[in-house]
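Spelled out from the first residue to the last, the chains are:
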Amino acid sequence: MIAAKSANEILGMEFDWLASDADGYVALFSTAGGGYAPDEFLRDTDAHDAAIDVVLASPASTVARFAPELAPGLKNTWRMVAERGLFAFDSDPHGGPYRMVAAPVDPIRIADLPRRVNDIVERLKLRQVRFADQSVVPTELLQERG
């Protein structure tokens, strides 16, 4: 059995998780050590890590409309997920909203993901959010998934 983590256990550490929006698009969220982490993610952080690995191992399907430039030699996960059709949002070490840091030219929908990834993303549907239209996702909207 997988041991769930608490929000306090991940505080100060970088964790990434996946979610879909009202339009069926997909995004990677990076906690930056202080961002909100949904209970569904905390129940199985390893499953999200594995799903992200599957996404990153797949070939690029588009180009990034924008993404941060990182120092040479650093892995730019945000650019890489954008090149695979996902939006990318980052939080702040002190918490606060998630801000878009990368976006694809041609976003993919949840149905276009490999089955292993689709199963994970299906668990975190953010029905009050539209990644293509929101450069900032407030914590309140992440908590309203019903």
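Everything in this summary refers to the structure shown in the same document.

Quick word on the pairing of strand 2 (residues 26–30)
1) Next: Counting buried positions along strand 2 gives five out of five residues, so the element sits mostly inside the fold.
2) Next: Here strand 2 shows no split at all, with V26, L28 and S30 on one side and A27 and F29 on the other all buried.
3) Next: Of the strand pairs in this sheet, strand 1 (residues 16–21) and strand 2 are connected by five bridges, and their pairing is antiparallel. The partner of A19 across the bridge, within strand 2, is A27.
4) Next: A loop of four residues connects strand 1 with strand 2, the two strands running antiparallel in sequence, and G24 in this loop sits at a positive phi of about 85°.
5) Next: Examined bridge by bridge, strand 2 and strand 4 (residues 87–90) share four bridges and lie parallel to one another.

Thoughts on the environment of A103
1) Next: Looking at the secondary structure, you find A103 in strand 5 (residues 98–104).
2) Next: Separated by 20 residues in sequence, A103 and E83 have C-alpha atoms that sit 8.3 Å apart.
3) Next: Among all residues touching A103, those that are not within four sequence positions of it are V63, A64, R65, F66, A82 and F87.

Here is what the cut-offs are and how they apply
Numbers given for residues are sequential positions, taken from 1 along each chain in its written order. Thresholds applied to this predicted model are a pLDDT of at least 70 for local features of residues and 80 or more for the giving and counting of side-chain atom pairs; totals over whole chains, interfaces and linings are not thresholded and use all residues. For the side-chain quantities, the full set of heavy atoms in the structure was used; hydrogens and water were omitted. Each residue's exposure class comes from its accessible area (1.4 Å probe, protein chains only) as a fraction of the maximum for that residue type: buried when under 20%, exposed when over 50%, partly exposed otherwise. Secondary structure follows DSSP: runs of H or I at least 4 residues long count as helices, runs of E at least 2 residues long count as strands, and numbering of each begins at the N terminus. A strand pair is defined by DSSP finding two or more bridges across the two strands. Whether two residues are in contact is decided by their heavy atoms, any of which lying within 4.5 Å being enough.

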